Amino acid sequence: MDQIINDIDIISPEEAACETVKISKESNNPTARKMYIESYGCQMNFSDSEIVTSILKKDGFDTTSSYEDADLILLNTCSIREKAEQTVRHRLGQFQTVKKRKPEVLIGVLGCMAERLKSKLLEEEKIVDLVVGPDAYRDLPLLVGQAEEGEKGVNTFLSREETYADISPVRLNSNGVTAFISIMRGCDNMCSFCVVPFTRGRERSRDPYSIVAEATQLFSDGYREVTLLGQNVDSYKWSHLENNKARLEKEGIEDVVNFAHLLEMVARVHSDLRIRFSTSHPKDITDEVLHTMKKYDNICKYIHLPVQSGSSAVLDRMNRTYDREWYINRVDAIRRILGEDCGISSDMIAGFCNETEEEHQDTLSLMDYVTYDFAYMFYYSERPGTLAAKKYVDDIPLEVKKRRLQEIIDKQRLHALERNQRELNKVHTVLIEGASKKSELHLQGRNSANKVIVFPKEHFKKGQYVDVLVKECTGGTLLGEAVK
Ligand code: SAH
Ligand code: SF4
Ligand code: F3S
C-alpha cells in the first residue's frame, strides 16, 4: 500500500490554490476553421468556455488541442489576483511567435481580464485582436468576422439578463461522468477585496426549467454528477413568469424558486445523478437548504463555505456582512443537520489590509474550531478599483503575508489529514471518474463529501458507483478496496 500512496495523485492545498488551465480537446472535422481555447480562474470560467465553444461551433469552428494549428486562439481569463493576470500576459507573450509565423491567426482575450481592462488591453497587448467580456459571447461570431476583415473587435457590455440559458455547452475536458451547470451569473455582494462584481456584473438567476432540462440531458448522455455553479448559489432566486405559474404550483412552489427548491428539482431528475454546488456564501446558506440536502441521498454532503478570515473586525473591513459568530452558527447548523461526515471546505485570505497578528490568530483558531476538509488559501492581492483599494492601505509586508499564509497552510495540512483519518475502516460510495492519474491499475472517484478515493481497478468502470472500504490515507487522498 505504501507504494500506491507514493504513486497516486496527492492533491495538496497549495496545488489546488494555483490558477489552473484547461485546454480544448481535439476536433474531428479536418476542413473546419479551428479554434483553441484555454481557461484560467474559477469553474464559472471553465463553464463559460463550453458556452463560447458552442457559440463558435454553430459559426463553423471546430476545436483543436494545439494552438499551433488554430485559426483562432482564445484565452478565457481571470482577474482575481494580480498573479492570475500576469500568467495571462506571459501566455500572450508566448503567442507572439505564432503570430509572426502565421499573421492571419486571430487572438482573443475573453472573460474577467477583458472586462476589467476593456480596450486598454488592445493598446497594451498589440497581438490581441478581440476583447470580449463574459456577457458578450453571443457577439463572438460577429466580432471574429470583423477581426478577419482587419478591424479589432471589442464588446465588454455587461447585461442584467444574459444567462445563456438556451445554449447547450460543448463539454470540454470532460471525463463523461461529471459536468458543470451554471445556474446564475454575476455577483451583487461587494466584498471589499474582490474584483468579481466589476468583471461579472449584476447577479441574475437562470430559468430553473432550463437547468433541469440540462441536467436531464446530461443524465441521458451518461453523466452521473452535476455541479451547480454560481458565485453565491444560496442567493439563487427566480420569479416565475405568468405562464409558468401553473407548473410551479404543481410542484408546491408558490411564488419564487429559491436555491433549496432548485436543489430539490434537480435532485428529482434521477436518484443516480449526484448533485454538487458551489459556492455557498455564509450569509445566505439557510437551514432549508441543509434540510433539502439531508432529504436527498443524491445531493452530496459537501459544502464549500469560504470564511476568508476568522476575525470579525477583518470580516467587517472585507464587507463580508457576517461575523465570526454567525459563521460558527452556520457550521454548527451543518453539523447538527447533516452530521460530522459532511465535508466542509473554505477559502482564506492572509494579510488583508491592517490585519494584526491577533486577527491572524483568530483565523487559525477558527480553523481549529471547524477542522476543514480542504481549503484554498491565498495572501491578499490588491485589485484596482475595489472598495479595499479605495478605502484601505495594503500595508502588510509581503514576507508577513507569506508567513501568515504558510501558518494557515500548515494547519490546514494537519486538519485535512485528521479529517481523512476519521474515514479509515469505513465504507464509502464512490462515483468512478476514471483511471488514477499515476497508476493504470487503479481507478479514482469521489465520495459524497468530495474526498478523492483510489482503489484497485478490477472489473469496475468509469461512471459506476462502487462501495470502497478505506484502508489508508494521506491528507489529500483515501485509499481502499472495493467491497461487494
Ligand atoms: N464567490 C466566492 C469567491 C470567488 S473568488 C465567495 O464569495 O466565496 C475565490 C476566492 O479568491 C475568494 O473566496 C477569496 O478567498 C479569493 N480572493 C478573491 N479576491 C482576492 C484578492 N484580492 N486577493 C486574494 N485572494 C482573493
Ligand atoms: Fe467576490 Fe464576495 Fe461576490 Fe464572492 S461574494 S464573488 S468574494 S464579491
Ligand atoms: Fe477569476 Fe473571474 Fe472567476 S476573476 S475567479 S474568472 S469570476
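As annotated in an unreviewed UniProt entry, the chain carries the name tRNA-2-methylthio-N(6)-dimethylallyladenosine synthase and comes from Imperialibacter roseus. Listed in UniProt under the heading Subunit (unreviewed entry), the comment for the chain reads: "Monomer." UniProt's Catalytic activity (unreviewed entry) comment on the chain is quoted here verbatim: "N(6)-dimethylallyladenosine(37) in tRNA + (sulfur carrier)-SH + AH2 + 2 S-adenosyl-L-methionine = 2-methylsulfanyl-N(6)-dimethylallyladenosine(37) in tRNA + (sulfur carrier)-H + 5'-deoxyadenosine + L-methionine + A + S-adenosyl-L-homocysteine + 2 H(+)".

Visitor: How do you make sense of a nonpolar patch on the surface when you look at a structure like this?
Guide: Judged by side-chain polarity, Met-190, Phe-198 and Leu-387 come together as a nonpolar surface patch covering roughly 230 Å² of accessible area. Here Phe-198 falls in the partly exposed class, since its relative accessible area comes to 35%.

Visitor: Any chance you could explain the side chain of Lys-401 here in plain terms?
Guide: Tracing the backbone shows Lys-401 in helix α18 (residues 398–421). In this structure Lys-401 touches Ala-350, Gly-351, Tyr-379, Tyr-380, Asp-394 and Ile-396, once residues within four positions along its chain are discounted.

Visitor: Would you take a moment to explain the site of ligand 2 for this structure?
Guide: Close contacts around ligand 2 come from Cys-187, Asn-189, Cys-191, Phe-193, Cys-194, Val-196, Pro-197, Gln-231, His-281 and Arg-320, and that covers them all. Here the shell around ligand 2 is built from residues that sort into six nonpolar, three polar and one charged.

Visitor: How do you make sense of the site of ligand 3 when you look at a structure like this?
Guide: Every residue near ligand 3 is listed here: Cys-42, Asn-45, Thr-77, Cys-78, Ser-79, Ile-80, Cys-112, Val-196, Arg-200 and Gln-231. Here the residues of the shell around ligand 3 sort into five nonpolar, four polar and one charged.

Visitor: Got a minute to help me understand the confidence of the model for the chain in this structure?
Guide: Low pLDDT means the predicted atomic positions in that stretch should not be read closely. Summary statistics for the chain give a mean pLDDT of 92 and a share of 90% for residues scoring 70 or more. Every residue in residues 1–19 scores below 50 in pLDDT, and together they form 45 contacts with partners more than four places removed in sequence or on other chains.

Visitor: Explanation requested: the packing of helix α16 (residues 357–370) against α18 in the structure shown.
Guide: How two helices sit against one another is set out by the angle between their axes and by the gap between those axes. Contact pair α16 / α18: the axes reach a minimum separation of 10 Å and the direction vectors enclose 10°. Between α16 and α18, the interaxial angle falls into the category roughly parallel. Residues Glu-357, His-360, Gln-361, Thr-363, Leu-364, Met-367 and Asp-368 of α16 pack against Arg-403, Arg-404, Glu-407, Ile-408, Lys-411, Gln-412 and His-415 of α18. Tallied by class, residues from the contact of α16 with α18 come to three nonpolar, five polar and six charged.

Visitor: Where do I start with the nonpolar core in this structure?
Guide: Soluble globular proteins: nonpolar side chains tend toward being buried together. Grouped together as the largest cluster of nonpolar side chains are 72 residues, with contacts concentrated most on Ile-183, Leu-228, Phe-259 and Ile-303. The contact partners of Phe-259, leaving out residues within four places of it in the chain, are Ile-183, Leu-228, Val-233, Asp-234, Tyr-236, Phe-277 and Val-289. Among the nonpolar cores identified, the runner-up in size contains 23 residues, and Tyr-67, Ala-70, Leu-75 and Ile-107 belong to it.

Visitor: Got a minute to help me understand the domain arrangement of the chain in this structure?
Guide: The extent of an interface is frequently quoted as the accessible surface area lost upon association of the parts. Taken domain by domain, the chain consists of domain 1 (2–10 + 423–482), domain 2 (25–155) and domain 3 (337–422). Approximately 800 Å² of surface area, both sides summed, lies buried where domain 1 meets domain 3, with 40% of it carried by carbon and sulfur atoms. Considering only the surface of domain 1 that becomes buried against domain 3, Glu-423, Lys-451 and Gly-475 emerge as the three largest contributors, covering 53% of it. Here Glu-423 makes a salt bridge to Arg-422, at a shortest N to O gap of 3.5 Å.

Visitor: Help me understand unusual backbone geometry, please; the structure alone is not making it clear to me.
Guide: Glycine aside, residues mostly have negative phi angles, and peptide bonds mostly take the trans form. Looking along the chain, the bond that leaves Ser-278 and enters Thr-279 is cis, with omega of 10°. In this structure, Thr-279 sits in the loop between β14 (274–278) and α13 (287–295). Phi angles above zero are rare outside glycine, and Tyr-164 is one such case at about 55°. For Tyr-164, the location among the structural elements is in the loop between β7 (153–155) and β8 (178–182). Using a relative accessible area of 2% as the deciding quantity, one classes Tyr-164 as buried.

Visitor: I would appreciate a short explanation of the packing of helix α3 (residues 43–58) against helix α8 (residues 140–148) in the present structure.
Guide: It is the contact of α3 with α8, at a shortest axis distance of 9 Å, that shows an interaxial angle of 65°. The element α3 and its partner α8 pack so that their crossing is right-handed. In contact with Val-52, Ile-55 and Leu-56 of α3, α8 contributes Leu-140, Pro-141 and Val-144. Of the residues that constitute the contact of α3 with α8, the class distribution is six nonpolar, no polar and no charged.

Visitor: In this structure, what is going on with the pairing of strand β21 (residues 465–473)? I would like to understand it.
Guide: The two faces of the sheet receive side chains in turn, since in a regular strand these alternate between them. For strand β18 (residues 427–436) and β21, the ladder comprises five bridges, and the chain directions are antiparallel. Directly across from His-428, in β21, lies its bridge partner Val-468. Summarising the sheet, β21 and strand β22 (residues 477–482) pair through five bridges and their orientation is antiparallel. By the bridge assignment, Leu-469 is partnered in β22 with Glu-481. Where β21 hands over to β22, the hairpin turn is made up of three residues, counted between the paired strands.

Visitor: Help me understand helix α15 (residues 324–338) in this model?
Guide: Every α-helix winds through 3.6 residues per turn, so residues three or four apart in the chain are directed the same way. For α15, built from 15 residues, the straight-helix expectation of 21 Å at 1.5 Å per residue is met to within 8% by its first-to-last C-alpha distance of 21 Å. Of all the positions in α15, only Arg-324, Tyr-327, Ile-328, Arg-330, Val-331, Ala-333, Ile-334, Arg-335, Ile-337 and Leu-338 are classed as buried. Here the buried face of α15 lies against α13, β15 (302–304), α14 (312–317), β16 (343–350), α16 and α18.

Conventions used here
Residues numbered from 1 in each chain as written. Chains lettered and ligands numbered in written order. Predicted model: local features only at pLDDT ≥ 70, side-chain atom pairs only at ≥ 80, totals over all residues. Heavy atoms only, no water. UniProt positions renumbered as here; feature names shortened; annotations may be inferred. Patch = residues over 30% accessible without salt bridge, like charges linked within 9 Å, V, L, I, M, F, W, Y side chains within 5 Å. Areas by Shrake-Rupley, 256 points an atom, 1.4 Å probe, with all protein chains shown as cover. Salt bridge = Lys/Arg side-chain N within 4 Å of Asp/Glu carboxyl O. Buried < 20%, exposed > 50% of the residue type's maximum accessible area, 1.4 Å probe, protein only. Helix = DSSP H or I, 4+ residues; strand = E, 2+ residues; numbered from the N terminus. Contact = heavy atoms within 4.5 Å. Near = heavy atom within 4 Å. Nonpolar A, V, L, I, M, F, W, Y, C, P; charged D, E, K, R; others polar. pLDDT = per-residue confidence, 0-100. Axes fitted to C-alpha atoms, helices over the stretch in contact; angles between N-to-C directions. Parallel < 35°, antiparallel > 145°, perpendicular 65-115°, else oblique. Core = buried A, V, L, I, M, F, W, Y, C linked by side-chain atoms within 4.5 Å. Domains from an automatic or database assignment. Buried area = accessible area lost by both parts, 1.4 Å probe. Left-handed = near helix turned anticlockwise from the far one by under 90°. Pairing = 2+ DSSP bridges. Expected span 1.5 Å × (residues − 1).

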